[in-house]
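Fold and geometry: a report
Each chain, written out:
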Amino acid sequence: KAGVTQTPRYLIKTRGQQVTLSCSPISGHRSVSWYQQTPGQGLQFLFEYFSETQRNKGNFPGRFSGRQFSNSRSEMNVSTLELGDSALYLCASSRTLAGVGEQYFGPGTRLTVT
Amino acid sequence: KNEVEQSPQNLTAQEGEFITINCSYSVGISALHWLQQHPGGGIVSLFMLSSGKKKHGRLIATINIQEKHSSLHITASHPRDSAVYICAPYNTDKLIFGTGTRLQVFP
């Protein structure tokens, strides 16, 4: 069974630009969660989508948004990039809601903002 | 004060040693995950537990909901166990993460 895939794996953007990251969950998984990991803040929850509905959102500004499609693939978007948005962005999928089912993580997208 | 505290932050061990990593949290939870992150960044879920104890190979995870504490044990540690171990309680529909314990096992 194919694992969680994320594209692109690496990305360099300039301040003020916007970026879209993609996550394809394991087949049959309906939940996709997004996380940001930085050396200073560690891992932080961004949002979770389940059956195309956003269930919860972490403490991030409105510049961070996401969506989930009917095939469970998910995208997250960051507008007006800031230097502090440089991070590893991870998505994870699970069959049931995140937290009550085992989560399977993708390899991450490493975003560098210059 | 952080909602999730892990100890120790760093741990070195000789191959074969018994390892214990502790996680204490201050919020109510419905489940707790233990994650493993290797230097390349990839994260693997080791355990999800809501009570008692789980075992998988050389790894054992325990949780005491009343005391808000969980432990991860590695028996007969091996250099391939070298990684960062992260405790992640599930609270109000989201995972909250500890800062991780960096484990290095030397042959």
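In this report, we go over the structure that sits alongside the text. (Residues numbered from 1 in each chain as written. Chains lettered and ligands numbered in written order. Predicted model: local features only at pLDDT ≥ 70, side-chain atom pairs only at ≥ 80, totals over all residues. Heavy atoms only, no water.)

Time to look at the interface of chain A and chain B. Think of interface size as the accessible area that goes away when the parts come together; that is how it is often given. Each side of the interface is counted separately: chain A has 17 residues, and chain B has 15 residues. Together, the buried faces of chain A and chain B total about 1400 Å²; carbon and sulfur atoms form 58% of this surface. For the chain A face of the interface with chain B, the top three residues by lost area are L43(A), G99(A) and F105(A), together amounting to 34%. Along the contact surface separating chain A from chain B lie four residue pairs in polar contact (both at pLDDT 80 or more). Going through the elements one at a time, β4 (31–38), β5 (42–50), β6 (53–57) and β9 (87–94) of chain A are the ones with two or more residues in the side of chain A that touches chain B. Residue classes in the side of chain A that touches chain B are distributed as eight nonpolar, six polar and three charged. (Contact = heavy atoms within 4.5 Å. Buried area = accessible area lost by both parts, 1.4 Å probe. Polar contact = N/O pair within 3.5 Å; in protein donor to acceptor, adjacent residues only side chain to side chain. Helix = DSSP H or I, 4+ residues; strand = E, 2+ residues; numbered from the N terminus. Nonpolar A, V, L, I, M, F, W, Y, C, P; charged D, E, K, R; others polar.)

Turning to unusual backbone geometry, a few remarks are in order. The amide bond that connects T7(A) to the next residue, P8(A), takes the cis arrangement and shows omega of -10°. Take P8(A): it is sitting in the loop between β1 (5–7) and β2 (10–13). Note the cis peptide between S7(B) and P8(B), where omega equals -5°. Inspection of the secondary structure puts P8(B) in the loop between β1 (4–7) and β2 (10–14).

Our focus in this paragraph is the side chain of T38(A). Residues and elements named next belong to chain A. With respect to the helices and strands, the residue T38 is situated in strand β4. Residue T38 is classed as buried on the basis of its relative accessible area, which comes to 13%. A polar atom in the side chain of T38 sits 3.1 Å from the backbone nitrogen of Q41. Sequence-distant contacts of T38, that is, excluding residues within four places in its chain, are made with S86 and A87. (Buried < 20%, exposed > 50% of the residue type's maximum accessible area, 1.4 Å probe, protein only.)

This part takes up the state of the cysteines. Residue and element names in this part refer to chain A. Enumeration according to the criterion identifies two disulfides over all chains in this entry. Across a sulfur-sulfur distance of 1.9 Å, C23 and C91 are joined as a disulfide pair. Its S-S torsion of approximately 75° makes the covalent link between C23 and C91 right-handed. Taken together, the residues span a long stretch of sequence, with C23 in strand β3 (residues 19–24) and C91 in strand β9 at a distance of 68 residues. (Disulfide = S-S within 2.5 Å.)

With that settled, consider the environment of F97(B). When you line up the elements, F97(B) lands in the loop between β10 (94–95) and β11 (101–106). A residue is classified by how much of its surface remains accessible, and F97(B), at 12% relative accessible area, is buried. Through-space distance from the C-alpha of F97(B) to that of V27(B) is 12 Å; in sequence the pair is 70 residues apart. Sequence-distant contacts of F97(B), that is, excluding residues within four places in its chain, are made with Y35(A), L43(A), Q44(A), F45(A), V4(B), L35(B), I86(B), C87(B) and A88(B).

Turning our eyes to something else, we now look at the sheet that holds strand β7 (residues 59–64) of chain B. Hydrogen bonds between backbone atoms are what pair the strands of a sheet, whose relative direction is either parallel or antiparallel. Residues and elements named next belong to chain B. Pairing is antiparallel in the open sheet, where five strands are placed in the order β1-β3-β8-β7-β6. The open sheet is flanked by β1 and β6 (52–56), the only strands paired with a single partner. The mean inter-strand angle of the sheet, taken between neighbouring strand axes irrespective of direction, is 15°. Judged from the six bridges that link them, strand β3 (residues 19–25) and strand β8 (residues 69–74) form a sheet pairing that is antiparallel. Paired with I19 across the bridge in β8 is I74. (Pairing = 2+ DSSP bridges. Axes fitted to C-alpha atoms, helices over the stretch in contact; angles between N-to-C directions.)

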